[in-house]
Amino acid sequence: MTKHIFVTGGVVSSLGKGLTSASIGLLLERRGLSVRMQKMDPYINVDPGTMSPYQHGEVYVLDDGAETDLDLGHYERFTHALLNKDCNYTTGKIYLSVIEKERRGDYKGKTVQVIPHITDEIKSCIRKVVAPDVDVAITEIGGTVGDIEGMPYYEAIRQFALDVGRNNCLFVHLTLVPYLKAAGELKTKPTQHSVKELRQIGVQPDVLICRTEREIPEVDCEKIAQMCNVERRAVIEERDKEFSIYEVPLSLVENKLDDLIVEKLGLTQAKPLVIDDWREMIERMRKPAHQVTIGFVGKYVKHRDAYKSVYEAIDHAGIFHNAEVRVIRIDSEKLAIEGAEKALAGVDGLLVPGGFDKRGIDGKVEAIRFAREKRLPFFGICLGLQCATIEFARNVVGLTDANSTEFNKSTTDPVVCLLDEQKAVTNLGGTLRLGAYPCSLLPGSKARAAYGADLVSERHRHRYEVNNAYRELLTSNGLMISGTSPDGSLVEVIELPSHPWFVAVQCHPEFRSKPTLPHPLFRDFIGASLENRRAKKSDAEGSRRYAVVG
């Protein structure tokens, strides 16, 4: 039967439960086991789709169109686990399902309560990731123990362990061991209180992963084990990773966590760990042979998690090219004020990511104009494609009022607009073009060369599209539409053939990038930016030699 690992957190949020869960999944896969990953979020929103990036970071989209928590991005980057809508549940989604059942009369007149109806619904959601070919299901519980909104989840996993047998479940609790500078020592009491809170609910952790800035002395590890009723070997030190999040799995291996999990869950089918390629990847990251600087112009740049997957995909491309990628985050509103010449001075490539609403659009359009005119490698994603289309229409075609109806409903040249079938939509939740869609690529295009395929599939999250009424005018002025939906009705990729590397896509390719397999468009964009850097360096050296000779 499928074994279960439940990952919980205590003391403070943002300890890295998602990374820990993903790392455990990676280690188990590297031991020949099949895993499924799942996240339970205690907030009442049905999904994060309508939440501000400042509230919740990026919205991670799956192939089936599910808008999910950003931790599912970690799951996909670290593992090969199949993810779908059953891999992310919120309190809103749980309660919505229960209320719909009550309205249908499924409960036959019974009083609907948190226990058993809400907890039963949570348990049924956990079972959805169980399958005959799944060895281990890893379920992360969002928030921290003691949060009132998380109580039904802790009760549900307590019951679940009784339902399937305690020997088929493993509770991993992530906690904090802070260092108090004034006292000059680490403090274990927060961990003790966190575990006490968990045990009062009826959940006894099997493994404690202790986040810390400094090495935890052996005496403290023994104290934690004794006071929290766990084996000493099950107290795992997890020091902060200043270099890369991809070091986390190796740290857990050093503490023999994979051996412990295999033993405690009786995973006799597990094979020896294969992790050497991951170690080699980390070594390459530590000793890059090249450097490149990317200007990143967005509207949410103050909040790094708002573009989490894009930043990771850039890093993956850097790993491929054995290059350190320095990302300069530029607020698009500030760029509109100070100008692209100043804001983008010294960058080797420009990336404009997705977003919604009109704030900061002028800065993005100005940055793209600069990249087009200065022949700076440019990569546009989602809104980045729409802004590139607007910029081209305004400054090349001469349609000075060109815009998107998202930003200006009365524009005389709506080069980006809503499709007819979307115009009647008023509900924000679940109304976008979401999930994986096929795209046909034009032979001879840079996109076709990057992918090495005529037909690809990428994930989407948007409502507005390039207006087909302007396609002929745009292409006759030099814009290449190098990717469309298979029936040709939707613009998916645009390029400038006369430019060294100018590609924009309507999809979100960052969702398909992994550290061991970078996305081809990110790979080629960073490659073009490196080539631009080499060319600038060569020109500068040539100018110096000429000056000396002169």
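Caption draft 1: Looking closely at empty space enclosed by the protein. A complete count under the given rule lists two cavities of 30 Å³ or more for this structure. Of the pockets and cavities examined, the largest cavity occupies roughly 70 Å³. If you go around the largest cavity, you meet 14 residues; those closest to its centre are Cys439, Glu458, Glu492, Val493 and Cys507. Going through the elements one at a time, strand E18 (433-441), strand E19 (455-462) and strand E22 (491-495) are the ones with two or more residues in the lining of the largest cavity. No other element matches E19, which puts four residues into the lining of the largest cavity. Grouping the constituent residues of the lining of the largest cavity by class yields nine nonpolar, three polar and two charged. Considering only enclosed or pocket space, the second largest cavity measures out at about 30 Å³ in volume.

Caption draft 2: Seen up close, the side chain of Asp86. Within the secondary structure, Asp86 is located in the loop between helix H3 (71-78) and strand E5 (88-90). Among residues more than four places away in sequence, those in contact with Asp86 are Gln38, Cys125, Lys128 and Val129.

Caption draft 3: Structural view of the pattern of salt bridges. Within the structure shown, the criterion is met by 43 salt bridges. Its salt-bridge partner being Arg459, residue Asp63 comes within 2.7 Å of it at the nearest N-O pair. Of this pair, Asp63 sits in the loop between strand E3 (60-61) and strand E4 (67-68) while Arg459 sits in strand E19; the two residues are 396 residues apart in sequence, bridging distant segments of the chain. The class for Arg459 is buried, based on a relative accessible area of 4%. Ionic pairing is found between Arg232 and Glu218, a salt bridge with its closest N-O pair at 2.9 Å. Of the two residues, Arg232 is situated in the loop between helix H8 (218-228) and strand E11 (235-239) and Glu218 in helix H8; the sequence distance between them amounts to 14 residues. Residue Arg232 is classed as partly exposed on the basis of its relative accessible area of 31%.

What counts and how
Residues numbered from 1 in each chain as written. Predicted model: local features only at pLDDT ≥ 70, side-chain atom pairs only at ≥ 80, totals over all residues. Heavy atoms only, no water. 1 Å grid on protein atoms, 1.4 Å probe; cavity = no way out; pocket = protein on both sides within 12 Å on 5 of 7 lines; lining within 4 Å. Points joined across faces, edges and corners; volume = space filled by probe spheres on them. Helix = DSSP H or I, 4+ residues; strand = E, 2+ residues; numbered from the N terminus. Nonpolar A, V, L, I, M, F, W, Y, C, P; charged D, E, K, R; others polar. Contact = heavy atoms within 4.5 Å. Salt bridge = Lys/Arg side-chain N within 4 Å of Asp/Glu carboxyl O. Buried < 20%, exposed > 50% of the residue type's maximum accessible area, 1.4 Å probe, protein only.

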